[in-house]
Amino acid sequence: LNVTATVDEVAKQLICSTAGENALSGIPVTTEQMAEYQCACCKVPCAACESNFELEDLNDPATAASSINSRMSELTDPSKAMQFYSSGSANSASFGPENVFNEMTKFMVPVCLSQSSCAAPEVNTSTAGLRSYVYSPTPNQPWKFAWDILATNAAVPQQIKDTIANDFTFMAMSVETCPYHERYCIPFPGIAFKEGSLGNCIPKVDSGIAAMIGEGFADALTGAGEQALRLLDANSGVFGELMSTMDAFCVVFFFSFVIGLVFLVLLRFLVGCVVWFSVFLVTFAFAFGGLVVYIRSFQCMGAGLLETGITTSSNLLTTAAVTVSNAVSGTETLSEEMTGNGADYRGGQRYTRNLYTCQRWDTNTPHVVGYNLTAYPMLENNYCRNPDGLSSTIWCYTTDKNKKWELCNPVGISLPDCSKGYAVEDPGIREILKIVAYVVWGLGIIWIIAICFLQKRIRLAVAINKVAAQFVYNNPTILAVPVVQILIGFIWLLVWIICASFLLSQVPADYTPSTAFATYTEAAGNSTTPGACTDKWPSGIVYKYEGNLSSANDTCTGVYGDVSNMEPLCWRCSPPRYVFDVKFAGAFFSLLWNNAFLVALGQLVVAGACAQWFFTVAERRGKENVIRQSLRMAFRYHLGSVAFGAFILALVQFIRYLTKYFRKQAAAQKNRVMVIVLRVLECCLWILEKFIKFLNKNAYIQVALMGTNFCTSAKNAFQLILRNMVRFGVVAILGTVIHFIGWTVITVSTATVGYFIFQAFHPDADLLLPMFTYVATGYMVAQLFMNVFGLGVDTSLQCFIAAEEMGISEDYAPSELKSLVDSNPGKKKWALFGGSKVAPM
């Protein structure tokens, strides 16, 4: 049982109750202490609070003792564990069995017991060597001083003192069974264990509890616990877990192929709809992207984009509601001027941030207003105010009996007030984000205008896509290219992962210091200074050593717990699970080069087959074995070009990943300037990588068309793109969106099929990691399959331009393209397939 996560709220309920407040009021505490207490419990508006705690109030010591005893006995007394799982549990308002099992890593602490089985150790008053643990709030809790006063001061009612002294004491396992500090050895009530798939023990509902609540509910709780527990084992048993579900993975892998084939076949008939739908998607992307960037420019620290958007909408609604109300009732519009925390605000806001209606200050229903209106004349009607100036901004009591008070925004303030700062701290960058949003929206408008003026180019893009789909339809065996690529890539990747895992796991013994440190900051560092354990990446793990009270020379507990003559050194480092070194760098470059070579070879084969098919007379098109001819050309004449282009791409990719590694190191060293420099360099390398990928692809098409070497083909491709920039631009933009649709359909379909297959093969196993591998597999298959169609599109476009510039489009251009031929293209010399003219097949 994680004592802090489980008991803190119970202790807070006692301390912050009316009974606790009255007990403190009867003790001579200072005004500053009482103010600190009221802010810690959010009893009054203050900078640390946004509203009051929604905890059940305990009005007197007897009620407090009874309620806290009911809650704590379910956690401390094994004989009352069954009450925690019942519908009438005293803790049900705060957390119940569903919360515990769904968030097992929060409510429980994993430990290793000194036993060979998963049988739950017996813990009761007769257990030998039993230990006890008395709860106390951690020092960083702002209400701990109140806890200490109520626990020790003689003037505190005895019932509250007895509650603190007795109800917060836990039984812990013996040190022989659980060799840790007693706070980590408290068994969670009603929990048993079963053998896990990775040799560990998985919590489950005790059989006696399961009989009471029903086996179905107990199994659901246990399943939720396994899901949460899997996160702890993700780093230690990944390979074993994947191997145990390999049968399902192989079936999903096969169905991913089938899904890709079906999508490409359907694309031939739906490509026109897909292209125009792509136009709509791009338009929507501009609109939505601009909105996201604009919201980001005023997003508050800790708030999500959706939450910020909803808050802004709420502010607009409150402004509209007040404005309409004033207009209907004829109420005079008040000034909404406000400075600082709003102590001088005299405006007419009558709604809170979450649209609660404010309670009038001259009534005590539903909440008691603790202000004298004579002393506070600014408390008019039900307007939001900050009478004492103690809150971070204006507020009011609400008319909702379950919400005592909440903060407000002045009327007309549509953007949220960020009391904790903005998610983007730099105001200059926030202003830039607004400008970027306007630019994105402007580009969207330009895009719509461009669509109107580029209808012919769009029709060309549609026709090119239809031709590419026709090529795939006439030559279905071309789909074997990505199949072979996937199989080879899968085998290569599997071998590489095994080798890389070995290299990654070789962490040097001296990677992190073996000494102990006095403070957490010294070991882990802070925002400006690196710690001794975290001064490089991958960073070491910082943990607090609990010490050894039986030792006479312990760095943390000193001489049998006496640390009066020493500074306790309780913070230590543990090494990461992996590191990157020169050997891994070599292996990683080989992965990049081989992957680039495999992709490039497939591009060349597909481009060669498409070019041969395009320049075949219509009567024989689809009847010739163009794939065999393309394979012969690629393997006999052009492997060097493929390897050279792949090397250039892999080198740029490797430098980009190396820059990312250096950036991580700079971040570990808290060198912000170098982090920014390297991030900018990463962006430049990413752009260069995209450019090289684009140029390489078109260079391979030129290699297939003209039979020239890589460098000459790259130059020809670059010149061709410059001559037909608009055509390439329109086809590229629409093609990108079509590819995205393809990737999405194949990936999501693979994941969906994988879910049902996995449930059929392994209904009791955890689903998280296999689903991740299915999504990754679907994405990889989608990328390779869409490369076939994409290469068909790009090759068809270059073939069309070649036929147009050579004046032979009437002989070779498919019917979909003949009406789109430029009547005055400008004649260029083309030596197709390494010859001086086109040889009809």
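Throughout this document, residue positions are counted from 1 along each chain, in the order its sequence is written. For this predicted model, a pLDDT threshold of at least 70 governs which residues receive local features, and a threshold of 80 or more governs which side-chain atom pairs are given and counted, while totals over whole chains, interfaces and linings are taken from all residues. Water and hydrogen atoms play no part in the side-chain values, which are based on all heavy atoms of the structure.

**Q** Would you mind going over the overall build of the chain with me for this structure?
**A** Strands are runs of DSSP state E lasting at least 2 residues, helices are runs of H or I lasting at least 4, and numbering of each runs from the N terminus. Along its length, the chain carries 27 helices and 8 strands. Burial statistics for the chain: of 841 residues in total, 44% are counted as buried. Pairs of residues are marked as contacts when any of their non-hydrogen atoms sit within 4.5 Å. Expressed as a percentage of contacts within the chain between residues at least 6 apart in sequence, the contacts between residues at least 24 apart total 72%. Summed over all atoms, the accessible surface of the chain reaches about 41,300 Å², with 61% contributed by carbon and sulfur. For the exposure calls, accessible area comes from a 1.4 Å probe over protein chains only, and a residue counts as buried if that area is under 20% of its type's maximum, exposed if over 50%, partly exposed in between. Areas reported here follow the Shrake-Rupley algorithm with a probe of radius 1.4 Å; residue values treat only the protein chains shown as occluding.

**Q** Would you explain the pattern of salt bridges in this entry?
**A** One side chain can pair with another of opposite charge once the charged atoms of both are near each other. The salt bridge definition used is simple: a Lys or Arg side-chain nitrogen within 4 Å of an Asp or Glu carboxyl oxygen. Scanning the entire structure with this criterion turns up 12 salt bridges. Where Arg-360 meets Asp-362, a salt bridge forms, and the shortest distance between an N and an O atom there is 3.1 Å. The partner of Lys-693 in a salt bridge is Glu-689, with the nearest N and O atoms 3.4 Å apart. One end of the pair, Lys-693, and the other, Glu-689, are both in helix α22 (residues 672-706), 4 residues apart, so they sit about a helical turn from each other. Judged by its relative accessible area of 35%, Lys-693 is partly exposed. Three or more residues joined by partner-sharing salt bridges are found here, namely Arg-656, Glu-689 and Lys-693.

**Q** Teacher, can you tell me more about empty space enclosed by the protein here?
**A** To find leftover empty space, one rolls a probe the size of a water molecule over the atoms. Of the two site types, the cavity is a set of points on a 1 Å grid over the protein atoms alone where a 1.4 Å probe fits but cannot get out, and the pocket is an open set with protein on both sides within 12 Å along at least five of seven lines, each lined by residues with an atom within 4 Å of a point. Grid points are joined across faces, edges and corners, and a volume is the space filled by probe spheres set on the points. By the definition in use, this model includes 2 cavities of 30 Å³ or more. The calculated volume of the largest cavity comes to roughly 70 Å³. Leu-604, Gly-608, Ser-630, Met-633 and Ala-704 are the residues nearest the centre of the largest cavity, which is lined by 10 residues in total. Put simply, the parts of the chain that give the lining of the largest cavity at least two residues each are α19 (582-614) and α20 (626-637). The element best represented in the lining of the largest cavity is α20, accounting for 4 residues. Reported here for the second largest cavity is a volume of approximately 50 Å³. Taken together, Val-481, Gln-485, Val-599, Gly-602, Gln-603, Val-606, Leu-784, Asn-787, Val-788 and Leu-791 make up the lining of the second largest cavity. Of all elements in the fold, only α17 (480-504), α19 and α25 (768-806) reach the threshold of two or more residues within the lining of the second largest cavity. Amino acids are sorted into nonpolar (Ala, Val, Leu, Ile, Met, Phe, Trp, Tyr, Cys and Pro), charged (Asp, Glu, Lys and Arg) and polar (every other residue, Gly among them). Looking at the lining of the second largest cavity residue by residue, the class counts come to 6 nonpolar, 4 polar and no charged.

**Q** Help me understand the side chain of Asn-382, please; the structure alone is not making it clear to me.
**A** Note on placement: Asn-382 falls in the loop between α14 (305-329) and β5 (395-397). Pairs of N or O atoms are called polar contacts if they sit within 3.5 Å, as long as, within protein, a hydrogen donor faces a hydrogen acceptor (for residues adjacent in sequence, only side-chain-to-side-chain pairs). A distance of 3.1 Å separates the side chain of Asn-382 from the backbone oxygen of Cys-358, its partner in a polar contact. Residues within four places of Asn-382 in sequence aside, it is in contact with Gln-349, Arg-350, Thr-357, Cys-358, Gln-359, Arg-360 and Trp-361.

**Q** When you look at a nonpolar patch on the surface in this model, what are you seeing that I'm missing?
**A** Residues with no salt bridge and a relative accessible area higher than 30% make up the patches, which join like charges within 9 Å and nonpolar side chains (Val, Leu, Ile, Met, Phe, Trp, Tyr) within 5 Å. Taken together, the side chains of Phe-254, Phe-255, Val-258, Val-262, Val-265, Leu-266, Phe-269, Leu-270 and Tyr-473 present a nonpolar region at the surface, about 850 Å² in accessible area. Broken down by element, the residue count for the nonpolar patch peaks at 8 residues, all from helix α13 (residues 246-296). Along the chain, Val-258 falls in helix α13.

**Q** Could you clarify how one ought to interpret the packing of helix α24 (residues 725-761) against α25 in this entry?
**A** In a packed pair of helices, the relevant descriptors are the angle between the two axes and the axis-to-axis distance. Comment: axis = line fitted to C-alpha atoms, over the contacting stretch for helices; angle = value between 0 and 180 degrees taken between N-to-C directions. Where α24 meets α25, the axes come as close as 7 Å, and the angle between the chain directions of the two elements is 155°. Taken together, the axes of α24 and α25 are roughly antiparallel relative to one another. Between α24 and α25 lies a crossing whose hand is right-handed. In terms of residue class, the contact of α24 with α25 is made up of 21 nonpolar, 9 polar and 2 charged. In this scheme, roughly parallel covers angles under 35 degrees and roughly antiparallel covers those over 145, while 65 to 115 is roughly perpendicular and the rest are oblique. For any helix crossing, the convention is left-handed if the near helix is rotated counterclockwise from the far helix by under a right angle, and right-handed if that rotation is clockwise.

**Q** Any chance you could explain the nonpolar core here in plain terms?
**A** Most often, soluble globular proteins keep nonpolar side chains buried together rather than apart. As used here, the term nonpolar core means buried Ala, Val, Leu, Ile, Met, Phe, Trp, Tyr and Cys residues forming a set that is joined through side-chain atoms within 4.5 Å. Phe-471, Ile-478, Phe-614, Phe-615, Leu-734, Phe-789 and Leu-817 are the most contacted members of the largest nonpolar core, which has 92 residues in total. Discounting residues that sit within four places of it in the chain, Ile-478 has contacts with Phe-471, Val-606, Ala-609, Ile-627 and Val-788. Judged by nonpolar contacts, the second largest core, of 55 residues, contains Leu-1, Ala-11, Leu-58 and Met-72.

**Q** Help me out: how do you make sense of the packing of aromatic side chains in this one?
**A** What describes a pair of aromatic rings is the distance from one ring centre to the other and the angle between the planes of the rings. The rule is short: rings of Phe, Tyr and Trp, with Trp giving its six-membered ring, pair when the centres are within 6.5 Å, and they are stacked under 30 degrees, edge-to-face over 60, tilted in between. A full pass over the atoms with the stated rule returns 46 aromatic pairs. Consider the rings of Trp-593 and Phe-647, whose centres lie 5.1 Å apart with planes at 65°: the pair is edge-to-face. Separated by 54 residues along the polypeptide, Trp-593 in helix α19 and Phe-647 in helix α21 (residues 639-668) bring together distant segments of the chain. Owing to a relative accessible area of 34%, Trp-593 belongs among the partly exposed residues under this scheme. Aromatic pair Phe-614 and Phe-615: ring centres 5.2 Å apart, planes at 65°, arrangement edge-to-face. We classify Phe-615 as buried; its relative accessible area is 1%. An aromatic cluster of at least three residues, connected via ring pairs, comprises Trp-496, Trp-537, Tyr-578, Phe-580, Phe-584, Phe-588, Tyr-657, Tyr-661 and Phe-662. Between Arg-430 and the ring centre of Tyr-422, over which it is positioned, the NZ or CZ distance is 3.9 Å. Over the face of the ring belonging to Tyr-511 we find Lys-536, whose NZ or CZ atom lies 4.8 Å from the ring centre. Either the NZ atom of lysine or the CZ atom of arginine qualifies as a charge over a ring when it sits within 6 Å of the ring centre and within 35 degrees of the ring normal.

**Q** Is there a simple way to think about α14 in this case?
**A** Each α-helix winds once per 3.6 residues, and so residues spaced three or four apart point in a common direction. Here α14 contains 25 residues, and its C-alpha end-to-end distance of 36 Å stays within 8% of the 36 Å for a straight helix at 1.5 Å per residue. Taken together, the buried positions of α14 are Thr-308, Gly-309, Thr-312, Ser-314, Asn-315, Thr-318, Thr-319, Val-322 and Asn-326. Among the residues trailing α14, Gly-330 stands out with phi positive, at a value near 75°. Helices are assigned an expected span. That span is 1.5 Å times one less than the residue count.

**Q** Help me understand the environment of Asn-409, please; the structure alone is not making it clear to me.
**A** If you trace the backbone, Asn-409 turns up in the loop between β6 (405-407) and α15 (427-453). The spacing of Asn-409 and Thr-352 is 57 residues in sequence and 7.0 Å in space, taken between C-alpha atoms. Polar contacts involving the side chain of Asn-409 include one to the side chain of Arg-353, which spans 3.3 Å.

**Q** Looking at this structure, I do not really get the packing of helix α4 (residues 61-76) against helix α9 (residues 158-166). What am I missing?
**A** Interaxial distance between α4 and α9 falls to 8 Å at its minimum, and their mutual angle equals 20°. Classed by the angle they form, the pair α4 and α9 counts as roughly parallel. For the pair α4 and α9, the crossing hand works out as left-handed. Where α4 approaches α9, its residues Pro-61, Ala-62, Ala-65 and Ile-68 are matched on the opposing element by Gln-159, Ile-160 and Thr-163. Split by residue class, the contact of α4 with α9 holds 5 nonpolar, 2 polar and no charged.

**Q** What's the story with the state of the cysteines in this structure? I'm lost.
**A** By definition, disulfides here are pairs of cysteine sulfur atoms that lie within 2.5 Å. Tallying each qualifying case throughout the model produces 8 disulfides. Across the disulfide, Cys-358 is cross-linked to Cys-396 (sulfur-sulfur distance 2.0 Å). Between Cys-358 and Cys-396 the sulfur-sulfur dihedral comes to about -75°; the bridge is accordingly left-handed. Of this pair, Cys-358 sits in the loop between α14 and β5 while Cys-396 sits in strand β5, and the two are 38 residues apart along the sequence. The same class applies to Cys-358 and to Cys-396, which are both buried. A disulfide bridge connects Cys-384 with Cys-408, and the sulfur atoms are separated by 2.2 Å. Linking Cys-384 and Cys-408, the disulfide has an S-S dihedral of approximately -70° and is accordingly described as left-handed. One end of the pair, Cys-384, is in the loop between α14 and β5; the other, Cys-408, is in the loop between β6 and α15, and 24 residues separate them in sequence. Residue Cys-384 is classed as buried on the basis of its relative accessible area of 0%. The thiol of Cys-684 is unpaired, and the distance to the nearest cysteine sulfur, on Cys-683, comes to 6.8 Å. Judged by relative accessible area, which is 46%, Cys-684 ranks as partly exposed.

Don't take any of this as a statement about function, it's just geometry.
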